[in-house]
Amino acid sequence: MMKLSQIVNKIDAKFIGDDVEILALNSLQNAKLGELSYCDSQKNAKFLSQCGASAVLIKHDMLDLVPSGVIAVVCDNPHLAFAILSKDYAKELFVSQKAQKIPISVEVMPNVYIGQGVEIGEDTILMSGVFLGDNVKVGANCILHPNVVIYNDCIIGDNCHLNANCVIGSDGFGFAHTKSGEHVKIYHNGNVVIEDDVEIGACTTIDRGVFESTIIKRGTKIDNLVQIGHNCDIGENSLLVSQTGLAGSTTLGRNVVMGGQSGSAGHVNIGDFAQVAARGGVSKDLKGGKKYAGAYPIMELDAFFKLQAKILRLVKKS
Amino acid sequence: MMKLSQIVNKIDAKFIGDDVEILALNSLQNAKLGELSYCDSQKNAKFLSQCGASAVLIKHDMLDLVPSGVIAVVCDNPHLAFAILSKDYAKELFVSQKAQKIPISVEVMPNVYIGQGVEIGEDTILMSGVFLGDNVKVGANCILHPNVVIYNDCIIGDNCHLNANCVIGSDGFGFAHTKSGEHVKIYHNGNVVIEDDVEIGACTTIDRGVFESTIIKRGTKIDNLVQIGHNCDIGENSLLVSQTGLAGSTTLGRNVVMGGQSGSAGHVNIGDFAQVAARGGVSKDLKGGKKYAGAYPIMELDAFFKLQAKILRLVKKS
Amino acid sequence: MMKLSQIVNKIDAKFIGDDVEILALNSLQNAKLGELSYCDSQKNAKFLSQCGASAVLIKHDMLDLVPSGVIAVVCDNPHLAFAILSKDYAKELFVSQKAQKIPISVEVMPNVYIGQGVEIGEDTILMSGVFLGDNVKVGANCILHPNVVIYNDCIIGDNCHLNANCVIGSDGFGFAHTKSGEHVKIYHNGNVVIEDDVEIGACTTIDRGVFESTIIKRGTKIDNLVQIGHNCDIGENSLLVSQTGLAGSTTLGRNVVMGGQSGSAGHVNIGDFAQVAARGGVSKDLKGGKKYAGAYPIMELDAFFKLQAKILRLVKKS
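About the criteria used
Residues numbered from 1 in each chain as written. Chains lettered and ligands numbered in written order. Predicted model: local features only at pLDDT ≥ 70, side-chain atom pairs only at ≥ 80, totals over all residues. Heavy atoms only, no water. UniProt positions renumbered as here; feature names shortened; annotations may be inferred. Helix = DSSP H or I, 4+ residues; strand = E, 2+ residues; numbered from the N terminus. Buried < 20%, exposed > 50% of the residue type's maximum accessible area, 1.4 Å probe, protein only. Areas by Shrake-Rupley, 256 points an atom, 1.4 Å probe, with all protein chains shown as cover. Lys, Arg positive; Asp, Glu negative; His and termini not counted. Charge placed at Lys NZ, Arg CZ, Asp CG, Glu CD. Axes fitted to C-alpha atoms, helices over the stretch in contact; angles between N-to-C directions. Parallel < 35°, antiparallel > 145°, perpendicular 65-115°, else oblique. Contact = heavy atoms within 4.5 Å. Nonpolar A, V, L, I, M, F, W, Y, C, P; charged D, E, K, R; others polar. Domains from an automatic or database assignment. Salt bridge = Lys/Arg side-chain N within 4 Å of Asp/Glu carboxyl O. Polar contact = N/O pair within 3.5 Å; in protein donor to acceptor, adjacent residues only side chain to side chain. 1 Å grid on protein atoms, 1.4 Å probe; cavity = no way out; pocket = protein on both sides within 12 Å on 5 of 7 lines; lining within 4 Å. Points joined across faces, edges and corners; volume = space filled by probe spheres on them. Least-squares fit on C-alpha atoms with pLDDT ≥ 70 in both. Phe/Tyr/Trp six-rings, centres within 6.5 Å; stacked < 30°, edge-to-face > 60°. Pairing = 2+ DSSP bridges. Buried area = accessible area lost by both parts, 1.4 Å probe. Arc of directions from axis to C-beta.

Going by the annotation in an unreviewed UniProt entry, the name recorded for chain A is UDP-3-O-acylglucosamine N-acyltransferase, with Campylobacter majalis given as the source organism. Recorded in UniProt under Function (unreviewed entry), the annotation for chain A is "Catalyzes the N-acylation of UDP-3-O-acylglucosamine using 3-hydroxyacyl-ACP as the acyl donor. Is involved in the biosynthesis of lipid A, a phosphorylated glycolipid that anchors the lipopolysaccharide to the outer membrane of the cell." Under the UniProt heading Sequence similarities (unreviewed entry), the note attached to chain A is "Belongs to the transferase hexapeptide repeat family. LpxD subfamily."

Asker: Can you help me understand the overall build of chain A in this one?
Answerer: In terms of regular secondary structure, chain A is built from four helices and 37 strands. In chain A, buried positions account for 60% of the 318 residues. In the structure as shown, chain A presents an accessible area of about 12,700 Å², 51% of it carried by carbon and sulfur atoms. One way to put it: in chain A the 29 positive side-chain charges average out to a point 11 Å from where the 33 negative ones average out.

Asker: Can you help me understand the packing of helix 4 (residues 301-317) of chain A against helix 4 (residues 301-317) of chain B in this one?
Answerer: A pair of packed helices is characterised by two quantities: the angle between their axes and the separation of those axes. Running from N to C, helix 4 of chain A and helix 4 of chain B point in directions that differ by 80°, and their axes come no closer than 10 Å. Comparing their axes, helix 4 of chain B and helix 4 of chain A come out roughly perpendicular. In contact with A:Ile311, A:Leu312, A:Leu314 and A:Val315 of helix 4 of chain A, helix 4 of chain B contributes B:Leu307, B:Lys310, B:Ile311 and B:Leu314. In terms of residue class, the contact of helix 4 of chain A with helix 4 of chain B is made up of seven nonpolar, no polar and one charged.

Asker: Hey, could you run me through the domain arrangement of chain A in this one?
Answerer: Residue and element names in this part refer to chain A. Taken domain by domain, chain A consists of domain 1 (2-88) and domain 2 (107-302). Computed from C-alpha atoms alone, the centre-to-centre distance between domain 1 and domain 2 is 30 Å. Taken residue by residue, the interface counts twelve residues in domain 1 and eleven residues in domain 2. Joining domain 1 to domain 2, the criterion identifies zero salt bridges. Run the count over domain 1 and domain 2 and you get four residue pairs in polar contact (both at pLDDT 80 or more). Counting residues per element, the side of domain 1 that touches domain 2 draws most heavily on helix 3 (residues 78-88), which supplies seven residues. For the side of domain 1 that touches domain 2, the residue count by class is five nonpolar, six polar and one charged.

Asker: I tried to follow empty space enclosed by the protein on my own but got confused; where do I start?
Answerer: The gaps left among the atoms become clear once a water-sized probe is rolled over them. Scanning the entire structure with this criterion turns up twelve cavities of 30 Å³ or more. When its volume is computed, the largest cavity comes out at roughly 880 Å³. Lining the largest cavity we find 33 residues, and of these A:Tyr296, A:Gln308, B:Tyr296, C:Tyr296 and C:Gln308 sit closest to its centre. Every element with two or more residues in the lining of the largest cavity is listed here: helix 4 of chain A, helix 4 of chain B together with helix 4 (301-317) of chain C. Tallied by class, residues from the lining of the largest cavity come to 24 nonpolar, six polar and three charged. The volume enclosed by the second largest cavity comes to roughly 210 Å³.

Asker: Looking at this structure, how should I read the UniProt feature "active site" (unreviewed entry) in chain A?
Answerer: Taking the numbering used here, the UniProt-annotated feature "active site" (unreviewed entry) corresponds to A:His230. Within the secondary structure layout, A:His230 lies in the loop between strand 26 (227-228) and strand 27 (233-234).

Asker: How should the relation of the copies chain C and chain B be read in this particular structure?
Answerer: One copy of the chain maps onto the second through a rotation around an axis plus a translation along that axis. Under the fitted operation, chain C is carried onto chain B by 0.0 Å of movement along the axis and a turn of 120°, and the coordinates agree to an RMSD of 0.0 Å. Both copies are brought into coincidence by an operation consistent with a three-fold rotation axis.

Asker: How should I be thinking about the environment of C:Ile194 in this particular structure?
Answerer: All names here are of chain C. Along the chain, the position of Ile194 falls in strand 21 (residues 191-194). On the basis of relative accessible area, Ile194 is assigned to the buried category, the value being 1%. Spatially, the C-alpha atoms of Ile194 and Ala247 are 18 Å apart, while their sequence positions differ by 53 residues. Ignoring anything within four residues of it in the chain, the contact list for Ile194 reads Ile155, Ile156, Gly157, Cys160, Ile168, Ile200, Ile206 and Ile216.

Asker: Any chance you could explain the packing of aromatic side chains here in plain terms?
Answerer: In this description, an aromatic ring pair is defined by two values, namely the gap between the centres and the angle between the planes. Summed over all chains, the structure comprises 18 aromatic pairs over all chains. Between A:Phe304 and B:Tyr296, the aromatic rings sit 4.7 Å apart at their centres with planes inclined by 90°, giving edge-to-face as the arrangement. With A:Phe304 in helix 4 and B:Tyr296 in the loop between strand 36 (291-293) and strand 37 (299-300), this residue pair bridges two chains. What makes B:Tyr296 partly exposed here is its relative accessible area of 30%. Between B:Tyr113 and B:Phe131, the ring centres sit 5.0 Å apart and the planes meet at 10°, which makes this aromatic pair stacked. With B:Tyr113 in strand 9 (residues 113-114) and B:Phe131 in strand 12 (residues 131-132), the pair connects residues that are 18 residues apart, well separated along the chain.

Asker: Explanation requested: the pairing of strand 6 (residues 55-58) of chain C in the structure shown.
Answerer: Consecutive side chains of a regular strand alternate in pointing toward one face of the sheet and then the other. All names here are of chain C. Of the two faces of strand 6, the one carrying Ala55 and Leu57 and the one carrying Val56 and Ile58 are both buried. Sheet analysis places strand 5 (residues 35-39) next to strand 6, joined by four bridges and oriented parallel. For Ser37, the partnering residue across the bridge sits in strand 6 and is Val56.

Asker: For this particular structure, what's the right way to read the interface of chain C and chain B?
Answerer: By a widely used convention, the size of an interface equals the accessible area lost when the partners come together. Counting residues at the interface gives 47 residues for chain C, matched by 44 residues for chain B. Carbon and sulfur atoms make up 63% of the area that chain C and chain B hide from each other, which totals about 3,400 Å². The largest per-residue losses of area from chain C upon contact with chain B belong to C:Phe173, C:His183 and C:Tyr296, which jointly make up 22% of the total buried on that side. At the surface where chain C touches chain B, the tally comes to two salt bridges.

Asker: In this structure, what is going on with the sheet that holds strand 30 (residues 251-252) of chain A? I would like to understand it.
Answerer: Strand-to-strand pairing in sheets goes through backbone hydrogen bonds, with the strands running parallel or antiparallel. All names here are of chain A. Judged by pairing direction, the sheet is parallel, and its eight strands sit side by side in the order 10-13-16-21-24-27-30-33 without closing on themselves. Only two strands of the sheet have a single neighbouring strand rather than two, namely strand 10 (119-120) and strand 33 (269-270). In this structure, strand 10 lies alongside strand 13 (residues 137-138), joined through two bridges in parallel fashion. Across the sheet, Glu119 pairs through a bridge with Lys137, a residue of strand 13.

Asker: Looking at this structure, how should I read the interface of chain C and chain A?
Answerer: Contacts between the two partners involve 44 residues from chain C and, on the opposite side, 47 residues from chain A. Counting each side, the surface lost to burial between chain C and chain A is near 3,400 Å², with a carbon and sulfur contribution of 63%. Run the count over chain C and chain A and you get two salt bridges. A salt bridge links A:Lys185 to C:Glu199; the shortest N-O distance between them is 2.9 Å. Counting every contact that joins chain C to chain A gives 24 residue pairs in polar contact (both at pLDDT 80 or more). Tallied by class, the residues present in the side of chain C that touches chain A amount to 20 nonpolar, 17 polar and seven charged.

Asker: Mind showing me how you'd approach helix 1 (residues 4-11) of chain C here?
Answerer: In an α-helix, one turn spans 3.6 residues; hence positions three or four apart end up facing the same way. All names here are of chain C. For helix 1, the full list of buried residues reads Leu4, Ile7, Val8 and Ile11. Down the axis of helix 1, the buried set is contained in an arc of 95°. They therefore lie on one face. Among the residues trailing helix 1, Asp12 stands out with phi positive, at a value near 55°.

Asker: Help me understand the pattern of salt bridges in this model?
Answerer: Think of it this way: side chains of opposite charge can pair up when their charged atoms draw near. All told, the structure shown has 29 salt bridges over all chains when counted by the stated rule. Close ionic contact of A:Asp171 with A:Lys185 constitutes a salt bridge, the shortest N to O distance being 2.8 Å. With a gap of 14 residues between them, A:Asp171 in the loop between strand 18 (167-170) and strand 19 (175-177) and A:Lys185 in strand 20 (residues 183-185) connect regions that are remote in the sequence. Given the relative accessible area of 15%, A:Asp171 is considered buried. We classify A:Lys185 as buried; its relative accessible area is 9%. Several salt bridges converge on common partners, so that one network encompasses A:Asp171, A:Lys185 and C:Glu199.

As structure tokens, this is what we get:
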């Protein structure tokens, strides 16, 4: 924990007003009193007027947008400043001693590591080599196959199957960049929340959110070698086929199907019951209830196959 | 184990005839007396006439195709009924105590887990963190690098190298779907059979078959981060380059080459000595002895490069 | 170790001159006295004139290119001969007892394996299930998350974060091929060198070099499920987004960005500050400082988007 006066020294920034203790970093939408947030684009500026943070890192030219009652901390690169501070405000990798709740019906095989404060539901099986970080919660009737790794603070619902060597809750791929081209790591304080009846494939990776949770809703099934970026929100009963990659903050509705080796750019929404064909590349929002294919741009499946056929015909004629 | 009368209560089905004990579920092709199978499409109906099962789950409108001597169990959705029952007939995750055969020439590093009934050949090395499920067989002169996971009942031949963190025998990505959009897991009772002289890359995943085996024939080399779906059959001396993904029931002949990031849709056959270029997407059967590229559709390599060149020329002219 | 007279018996080759002891195999560029190299193409023949090896495996028709002082070992398939010998000259999987250097500030969680001769810097954390092979060096202030596997002889710098289940230093996907279509493994004696301030994602795999090192320079950040082939050289401060795959001997300059699911063919160079869009497939050298997209062929980003738009227009007109 640092005072704002200490913070500005560290990141070469300025503020006017009384010094305050900063308890945590948080997003513009969710920051509360005692917290510091940042705003680095016009796109996020809409959240400023309702912001409940004590202070906000902001560029000089957006200073007027900071509402009264929030301290404006002026700096050249708020995103970079935030990244630098994220290390100081990172969660401890290990918490101090804290009671675990592990019913006797839980089967724990050899070489399992169970962190402080872990809670596990009835009849869950932890196979050999499983790692549960501090404060992890796993529901009832789950099977965690060998060498599954769950980073601290992540939450798994009931009746989930996690296949071998999958990784839940690693830091997202988020960095701020200096003028000289270095990348400053953003420490991720969010977690991953997996609801009930979810299956996760072998060697699949799901990153934790920056502040909030990466969410996998109930009934969703995820195949092997799938990547789910930080802050994704996957609707219930979705199917993600092998080697799919979802970039950060992708939102899927319910019963969405992502075909094998498909992908999404960051910050796109895919509607309920949409189906993306194998290799589909989603770089814009997609309405629900339809089938899509292709990547430049992605389009409805019928249109895509017609396009491919027409290209072949055109080439033959030429 | 359940009687047919118990089964029909569970899945809302009907049958006419004497009650029988159902010992196992099995495919239409391989089911024997005492076993229950299912038929949910005209495509599979061809196997009905020779079917050796005691009973078959079937839709009302295909009832006439069930041969005499086989009990027809009529239900709305045979595939869903089969999925529901697969949980009851799933293999136990752990078997009761059963002797292991591990010669003293086998090197077992620390933190290795060896299940009941495991048999290992001479001079094999099990590195730290390896997991061998119950009844796994590993041949002679193999190296299993750290944290390799082999699910129960899988079989590995002689002289195989399995690189770190690969996963052999996880359940395939198979589900039946309810009317309300939920996915019911199909428990997989098959296994993976890897023949002699095979190399498996780091973090590669190979799923077990539903009833039968996923097969990797002798001499085949598989790179890192490759996905091989349930019931695939990979011919001898094939090469699968990194990040290739083969959907379920893909069949490769001998000496097939799959380039990096290539893929296949399910149930396709790729002939002996065929070569698929990097990123090639195979959605139909391919004849052996030729080179292929592209994905919509995949075509011979020469044709593909000509097509790309012609498209560029057409666009320039326009 | 073998004498040249023993070697030629093993691989069906011939040489003229005095017998010598061969201490190691090495590349044409780096081989020294007492070492055996091979030359199997005109492309590599340029290195022959300066070659410091005691002997070179070579085809009969290139015999004249071998400088005096180097023994020409004539065989039909030098690459295959080299692969066969690579097994005899492979490093031992385990070294004999050798002191470790592990400061007391290093935190070692349960179920960690630390090989002979391992050296670790101050304040580094080894989480549960980590495997460090013999002679591995890890710098100071690193975090190795659970089940990270580092094969022997690899070197990790200071301040590196390796996420769970990543694999550093597995053998590259290198084989020589016999006339009957079998693949003979090339044992890799190189290593992986990761410099300071590097982050490696979960389930990412980085293969070791054949003779030399696969290199990840300082400040580079690598996302989850990325594949880096043998002998790649990744410049400083580069960003490799999830599911990228780099084939062997790819060279990246500094501050290169590889988008998600992008890839490279082997032996290509990508210049400083180049950016390859998601799914970009790099099959030729790319100049630095520009943005690229597409795969057949890859082109500048602007040109790629214009091309896609023109194709759509052409098809509509037709």
